[in-house]
Amino acid sequence: MSEWIRVCPLEEIPRLGSRVVQTGKGDIAVFRSGSDEVFALRDQCPHKGGPLSQGIVFDRKVTCPLHGWTVQLDSGEAVAPDCGCTHRYRARVDKGEVYLSIS
Amino acid sequence: MDTKKTKLVVIGNGMAGIRTLEELLKLAPDMYDITVFGAEPHGNYNRILLSPVLAGEMTIKDIMLNDVDWYTQNGITLHLNKTVTRIDRARRKVVAADGAEADYDRLLLATGSNPFMLPVPGKDLPGVIAYRDIKDTDEMIEAASRYRHAVVIGGGLLGLEAANGLKLRGMDVTVVHLMPWLMERQLDRAAADLLQKSLEAKGLKFLLEKQTEQIIGASVLPPHRTHPHPSLPPEGEGTITPPLSRGRLGGGWVDSLPPEREGARSRRVTSIRFKDGTEIPADLVVMAVGIRPNTGLAEAAGLHCNRGVVVNDTMQTYDPRIYAVGECVSHRGIAYGLVAPLFEQARVCANHLAQLGISRYTGSFTSTKLKVTGIDLFSAGNFIGGEGTEEIVLSDPSGGVYKKLVVKDDKIIGSVLYGDTADGSWYFQLLRDGQNIRELRGRLLSGQSHLGNSGHQGQNNAASMPDEMEVCGCNGVCKGTIVKAIKEKGLFTLNDVRKHTKASSSCGSCTGLVEQILASTIGGAYLPADDTRKPLCGCTDYTHEEIRKAIIERKLKSIPEAMGFFEWRNVNGCASCRPALNYYLLCAWPHDYRDDPQSRFINERAHANIQKDGTYSVVPRIYGGVTTPAQLKRIAEVAEKYAVPTVKITGGQRVDLLGVKKEDLPKVWADLDMPSGFAYGKSIRTVKTCVGSEWCRFGVQDSTSLGIALEKALDRMWAPHKVKLAVSGCPRNCAEATIKDVGIVGVDSGWEIYVAGNGGIKAEVSLFLVKVKSAEEVMEYSCAFIQLYREEARYLDRTVHWVQRVGMDYVKKRIVADAAGREALHERLKDALRNEKDPWQERVRGVAAREFAPIRFQS
Ligand code: SRM
Ligand SMILES: Cc1cc2nc3c(=O)[nH]c(=O)nc-3n(C[C@H](O)[C@H](O)[C@H](O)COP(=O)(O)OP(=O)(O)OC[C@H]3O[C@@H](n4cnc5c(N)ncnc54)[C@H](O)[C@@H]3O)c2cc1C
Ligand code: SF4
Ligand code: FES
């Protein structure tokens, strides 16, 4: 049912960092954790739309560069006490390549 | 339940015990199988807020900290309404009054304290109570709805809060106090007199220097509502209350009761008599004369007690399996009666229960606030003074303001503030840090918050602000919202308030106000964060200083190494510690350390300032604000070529191109071909200059050339925070040098150097460091000062924060008095900068290219 699209080799995303993927549906931030997991979120903070791709990544979290909300990479939920959610996309790594499902 | 887990039993379901569990669950959620015994029938509630409950400002529901569900969710077995009566240390189990038992591997005693009851005849009469728990509070509320005369014995914190609450509930309240003035353990006479006056204006009555001899009771009618509540008619002192006219006791009014009521008699307090023979009516007597650590259980179990269960710095009793925290404890001979120190104990105790073993409790300084709405009072330390002390006093009795600082050897050792407590936490900080205040003397009493804070309408005094007034101008948070959150969510620290309300979490200029609101809402429970022992962040308990020291001594050369060495709690750290560690490593190992872009805030990673719409700004360096037509043309061409929406002259004497797309940044830099202005970094920003002696008719020194030379010398320098300099060519100071991190003012005979100023959130006028003759000397002193700041300040300290902590004396000692040290600092700075490359030039050549390149695909 879902369509996986190849994004880039895993190496192209810095560890504890991200890349922005520009799509017809807007920018998607693809993150790589310290243990090489990948996550994808709409590149918009639930607070005021800040680009989450530009934040500092730790654990499975990213801190938004604009006002410091922290967002959970695996759910898109803001970490309490902040409250809000950004859209999450599915992402996976296969043989060193990152895939994204945006359907 | 997993039977193999270590068993932890907690006796006492109060504030200290449960806070220890909260801390423990954060550190080691699965380590223990936990059982809690509580003598009260309630979950864990915020005892200090019993005062607002009594005053009718809150309900019991509002003050619950952890309801019963919390225990269930955390797998804790909770025995409510069960008093532990025996600890069997040999069999390692505890036994409750109803026979319930629990085995332990570790035991935590948190039994709090017992109110002290004056041993006078009549103390056991119905209607004579203490003020300690929900039951007492309920009884007082109940009494207020039925009776008239309340007498509170004890004019300390607790007594006054009780009296205030009972008064608000419509009772006629007299406070009886043994000493000549109120709160003698927290206030001197002058402040206490002002306090008494304000409380009298609220309708409270006082009998000072009165010693209670006897509490008298008689058979009276069962309670029934005698007055419409709470709007009772005002009444003069000593009036005898209708409807039962009670003459002197022993008199016959009871006997003259109408016979139909005879059967309903019960004994209850009716009056109170003093040593001097006088007597006043009392339907309720509240004893608030002190507390005694509740050590009965521990003593019976053979644990060493001496006015408290004796513990060491790890909160362990003489039995290593048994820990103790809270008011029941005696630590280094002190039993604390305020929440803040107990919470510190809780944190240390949890650390040891979690077997981390890295933290110690070394005692606390405490400060006092009275939680009576509209009364502003603060006291800390030794406020009476003594041998070798001096006092700095401001007394304005008709304005209702009194401030006293007790100073010894240039250090604050105590303070009392009444009416204007805006600076209480500042004084407290100075006191606790033992900071030398010689330099501050002149402006100590006018206060820290009166100088140049922006963003909240110049308000300094939270007490006088109405609820709907905005406190935090960045996040639009009003006073009422903060008060509500503190009460309802049970917040105790500035950080809690920041997290829950956002107030003070952005620029921080309203921090002082938020601290005041916190202090007046939770009273002495508020302890400003201990600045001298500030952990780097939540990932570690180690301080900035300890970490910086170990980085050098242990030759730690990467973030993972540093985190590993200090056993960081979170593998990747967090957004607070990574940038700090990155800077500390960079500063320690300027040539060996490989900068970690992922640990940099985006501005420093992209070498441009992110804007609210995700675009960036570009600020090329224009040394000293001096440019050329060719440079300006180039900037103009770039702005046109990339359709830059806004071109702005900045406050730092250069040009800002705002609204550039991230992917265009490398091209923009390539075309500009100018050095990076570092407008985005914790780094050297600008050196502002004025025209100076080259053109200006007043100029006595060439400020422009010196400014440019300084900016070139400091080019590409990273620092704990941004660093701004300015050079003025004469004392007219057109470059605003006296609000800069380093400011130079030319005078006829040379240059004056000022340091540790800034504009910004809280304007700080810089302090005079030294006067020198030549531009070379300016260079050496300025660079040495900046290097010292780079090496010793905490990440995100601006120069002023650091200098306020270490003191100007120290700075002068290192920079002015020690010539060899100064030279060495200057050399180290030069060495650190010798290899720094211009980030834009590197990126134009393709360094870090993927940072700027999005991945595109259509769908
Ligand atoms: C552009 C400029 C305003 C202007 O249009 O004039 C500016 C813009 C910003 N200032 Fe500023 N400040 C500018 C001069 C100032 C000045 C005046 C000065 O330098 O003489 C001050 C007060 C002086 C001082 O810093 O002591 C100033 C005090 C602040 C502060 C508060 C600093 C403080 O310690 O209290 C911040 C917040 C911070 O740094 O944490 C700040 C932060 C910012 C940031 C970087 C906010 C951010 O993090 O994104 C703004 C970036 C906008 C951008 O992308 O360009 N800006 N800012 C000025 C740039 C000067 C330059 O050429 O580099
Ligand atoms: C009205 C009031 C206002 C206050 N205002 C302030 C203020 O503004 N600021 C401030 O800092 N402090 C204030 N305090 C003091 C503060 O509440 C105490 O310092 C704090 O609650 C002590 O915590 P603790 O855990 O040591 O004791 P407690 O909170 O008293 O908890 C001890 C618990 O142990 C239970 N217990 C005792 N023995 C046994 C047993 N054998 N078995 C089972 N359970 C047992 C008790 O019933 C009690 O619930 C105030 C206190 C009161 C009463
Ligand atoms: S430029 Fe400075 S003062 Fe202006 S909005 Fe931004 S941070 Fe605030
Ligand atoms: S937009 Fe992300 S924190 Fe404000």
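Each chain has its residues counted from 1, following the order in which its sequence is written. For naming, the first written chain is A and the first written ligand is 1, with later ones following in the order written. This being a predicted model, a pLDDT of at least 70 is required before a residue's local features are given, and a value of 80 or more before pairs of side-chain atoms are given or counted; all residues contribute to the totals for chains, interfaces and linings. Water and hydrogen atoms were dropped before computing side-chain values, which therefore reflect all heavy atoms in the structure.

(A) Summary view of the overall build of chain A. When you go through chain A residue by residue, the secondary structure sums to zero helices and nine strands. Numbering of helices and strands runs from the N terminus; a helix is a DSSP stretch of H or I covering at least four residues, while a strand is a stretch of E covering at least two. Each helix and strand of chain A, placed in order from N terminus to C terminus, yields the pattern β-β-β-β-β-β-β-β-β. For each residue, the accessible area found with a 1.4 Å probe, counting protein chains only, is set against the maximum for its type, and the residue is called buried under 20%, exposed over 50%, and partly exposed in between. The proportion of buried residues among the 103 residues of chain A is 53%.

(B) Quick peek at the sheet that holds strand β6 (residues 61-63) of chain A. Residue and element names in this part refer to chain A. Read across the open sheet, the three strands follow the order β5-β6-β7; overall the sheet is antiparallel. The two strands at the open ends of the sheet, each matched to only one other strand, are β5 (56-58) and β7 (70-72). On average, each strand axis in the sheet is inclined to that of its neighbour by 25°, with strand direction left out of account. Note that β5 and β6 share three bridges and pair antiparallel. Only when DSSP finds a minimum of two bridges between them are two strands counted as paired. Here the axes come from fitting lines to C-alpha atoms, over the contacting stretch only for helices, and the angles between their N-to-C directions go from 0 to 180 degrees.

(C) Region of interest: the interface of chain B and chain A. Residues are treated as being in contact if the distance between any of their heavy atoms lies within 4.5 Å. Counting from both sides, the interface comprises 32 residues of chain B and, opposite them, 33 residues of chain A. Joining two parts hides part of their accessible area as seen by a 1.4 Å probe, and the buried area is that hidden amount summed over both. Buried area between chain B and chain A, both sides added, is near 2500 Å², and the carbon and sulfur share of it is 56%. A per-residue breakdown of the area chain B buries against chain A is headed by Arg850(B), Ile855(B) and Phe857(B), which together make up 30% of the total. Asp82(A) is the salt-bridge partner of Lys502(B), the closest N and O atoms lying 2.9 Å from each other. N or O atoms within 3.5 Å of each other form a polar contact, as long as, within protein, one can give a hydrogen and the other can take it, and as long as residues adjacent in sequence are counted only when both atoms are side-chain atoms. Summed over the shared surface of chain B and chain A, the number is 13 residue pairs in polar contact (both at pLDDT 80 or more). Among the elements of the structure, α12 (494-501), α16 (577-588), α17 (602-606), α26 (849-852) and β39 (855-856) of chain B are those that each provide at least two residues to the side of chain B that touches chain A. Just to be clear on terms, a salt bridge is a Lys or Arg side-chain nitrogen sitting within 4 Å of an Asp or Glu carboxyl oxygen.

(D) Examining the sheet that holds strand β18 (residues 284-287) of chain B more closely. All names here are of chain B. Strand order in the open sheet formed by five strands is β11-β18-β12-β13-β14, and the pairing between neighbours is parallel. This sheet does not close on itself; its edge strands, each paired only once, are β11 (128-130) and β14 (205-208). Averaged over all neighbouring strand pairs, the angle between strand axes comes to 20°, with direction disregarded. Note: strand β12 (residues 149-153) against strand β13 (residues 172-177), five bridges, orientation parallel. Along β13, the bridge assignment pairs Ala150 with Val173. Running at roughly 165° to β13, helix α5 (residues 157-168) makes contact with β12, β13, β14 and β18 of the sheet.

(E) Up close: the confidence of the model for chain B. pLDDT is a per-residue confidence score from the predictor, ranging from 0 to 100. The pLDDT averaged across chain B works out to 88; a share of 91% of its residues lies at or above 70. Across the interfaces of the predicted complex, the ipTM metric reaches 0.79, alongside a pTM of 0.69.

(F) Local environment of the site of ligand 1. Residues and elements named next belong to chain B. A single heavy atom is enough: if one lies within 4 Å of a molecule or strand, its residue is considered near that molecule or strand. Near ligand 1 there are 20 residues, and of these Gln611, Ser617, Gly651, Asp656 and Lys722 occur at the shortest range. Contact between ligand 1 and Gly651: an oxygen atom at 2.5 Å from a main-chain N or O atom of the residue. In this structure, an oxygen atom belonging to ligand 1 sits 3.4 Å away from a side-chain N or O atom of Lys740. By the convention adopted, Pro, Cys, Tyr, Trp, Phe, Met, Ile, Leu, Val and Ala count as nonpolar, Lys, Arg, Asp and Glu as charged, and the other residues, Gly among them, as polar. Partitioning the shell around ligand 1 into residue classes produces one nonpolar, 11 polar and eight charged.

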